[in-house]
Amino acid sequence: MRLQLGYVPLCDAAPLVAAHELGFARSEGLDLDLTPEPSWATLRDRLALGHLDAAHMLAPLALASRLALSGPPSDLIVPVQLSVNGNAITLSCGLWADMQPVGTGLEAVARAFAKVAEARHRAGQPLTLGTVHPFSCHTYQLRLFAEAGGLDPTILRTVVVPPQYSVETLARGLVDGFCAGAPWNAVAVAAGHGHVAVLGHALAPDAPEKVLAVSERLGGALQPLVRAVARAGRWCADPDNRPELIHRLARRNYLGLDATLLAAAMPGATAAEATDGAHLRFGTTVQEPSLDQARWLVQQMWLSRQISGRGDLEAAVATVYRPDIYRAVAADL
């Protein structure tokens, strides 16, 4: 059976790439066509409208899509989580120089950022920060970063920038910084356009990042797909497979980046190399969809003023997050 799967070019799309490239899907009787999407909004719409059967997706966006908070009505479910962590906040070199933080810890950096942000706000020149989508852990981590410095997040201007365009947007001075997933923070640093201010892991440890969002229309193909992606995710988590994984992701039809640069943005990077992917995790310990994590996402939506109440949504997350499907499949792995 042939399935259409979408992804956005990021390191945490690795389980889908591995499922296709290394035969995990073929062993389940599936042929996967992987389609890079230009933005999360495009991916969301194509999945909701039936142009895609499944996709690598932001965990909060999967909830927002199914619960009619973002985009067309959808029938999405989340039967497996792909990854946790992997984000970072990168600021322009000029902004970093103005901050002059006393120390490298979260509180010191956040307070230095808040001081500059407040000064710019008073001068009528608010800081502009890029986020990959309103319904994303990136948006919530920008809010948490501001709050860590005692800053009112509403004085910041946020704009949506697809992750693969975040470095160019920073280089052109259209934003003062961005929050994106690996490898784009590492790319910005290597190009001399930015400085990683804080890792997302420091703001929200083990935040649910990407999930496999699947249309309920899949029917009998659902469990074979989940089994293939879960096996691929476990392969990605094995340190012995890291060189091969980086080689595959670096190809032009996936991320199209130098393998050395990707090495700095993947699990297993040395302390000297590590940037955004330092805490990115795949595999067995993250794959089962967690209702507690889904409730945490709903809480972040509420704290970010994206929803007015939590009760109804917290009750509805069980229609989206399906640990029962994952458990049935995991028994065979």
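Residues numbered from 1 in each chain as written. Predicted model: local features only at pLDDT ≥ 70, side-chain atom pairs only at ≥ 80, totals over all residues. Heavy atoms only, no water.

- Labelled according to an unreviewed UniProt entry, the chain appears under the name ABC transporter substrate-binding protein, originating from Methylobacterium mesophilicum SR1.6/6.
- The heading Subcellular location (unreviewed entry) in the UniProt record of the chain holds the text "Endomembrane system". (UniProt positions renumbered as here; feature names shortened; annotations may be inferred.)

## A short note on the environment of E314
Next up, step 1: Tracing the sequence through the fold places E314 in helix α15 (residues 311-316).
Next up, step 2: You can call E314 partly exposed: its relative accessible area is 29%.
Next up, step 3: Residues E314 and Q299, spaced 15 residues apart in sequence, show a C-alpha to C-alpha distance of 8.7 Å.
Next up, step 4: Setting aside its immediate chain neighbours within four residues, E314 contacts R295 and V298. (Helix = DSSP H or I, 4+ residues; strand = E, 2+ residues; numbered from the N terminus. Buried < 20%, exposed > 50% of the residue type's maximum accessible area, 1.4 Å probe, protein only. Contact = heavy atoms within 4.5 Å.)

## Brief notes about the packing of aromatic side chains
Next up, step 1: In total, this model carries 2 aromatic pairs according to the counting rule given.
Next up, step 2: Seen in terms of ring centroids, Y7 and Y254 are 6.3 Å apart; in terms of plane orientation they differ by 55 degrees. Their pairing is tilted. Linking Y7 in strand β1 (residues 2-7) with Y254 in the loop between α11 (242-249) and α12 (259-263), this pair joins segments that are 247 residues apart in sequence.
Next up, step 3: Measuring from ring centre to ring centre gives 4.9 Å for F113 and F145, while their planes differ by 35 degrees; the resulting arrangement is tilted. Within this pair, whereas F113 is found in helix α5 (residues 106-122), its partner F145 is found in helix α6 (residues 137-148), the two being separated by 32 residues in sequence. Taken as a pair, F113 and F145 share a single burial class, namely buried. (Phe/Tyr/Trp six-rings, centres within 6.5 Å; stacked < 30°, edge-to-face > 60°.)

## Some remarks on the packing of helix α10 (residues 222-237) against helix α16 (residues 323-330)
Next up, step 1: For the pair α10 and α16, interaxial distance at closest approach is 10 Å and the crossing angle is 75 degrees. By the criterion of interaxial angle, the relationship of α10 to α16 is roughly perpendicular. Facing L222, Q223, V226, R227, A230 and R234 of α10, the residues of α16 in contact are I325, Y326, A328, V329 and A330.
Next up, step 2: The residue inventory of the contact of α10 with α16, partitioned by class, reads 8 nonpolar, 1 polar and 2 charged. (Axes fitted to C-alpha atoms, helices over the stretch in contact; angles between N-to-C directions. Parallel < 35°, antiparallel > 145°, perpendicular 65-115°, else oblique. Nonpolar A, V, L, I, M, F, W, Y, C, P; charged D, E, K, R; others polar.)

## Focus: the side chain of Q300
Next up, step 1: Tracing the sequence through the fold places Q300 in helix α14 (residues 291-303).
Next up, step 2: When its relative accessible area of 4% is taken as the criterion, Q300 is described as buried.
Next up, step 3: Ignoring anything within four residues of it in the chain, the contact list for Q300 reads Y140, R143 and L144.

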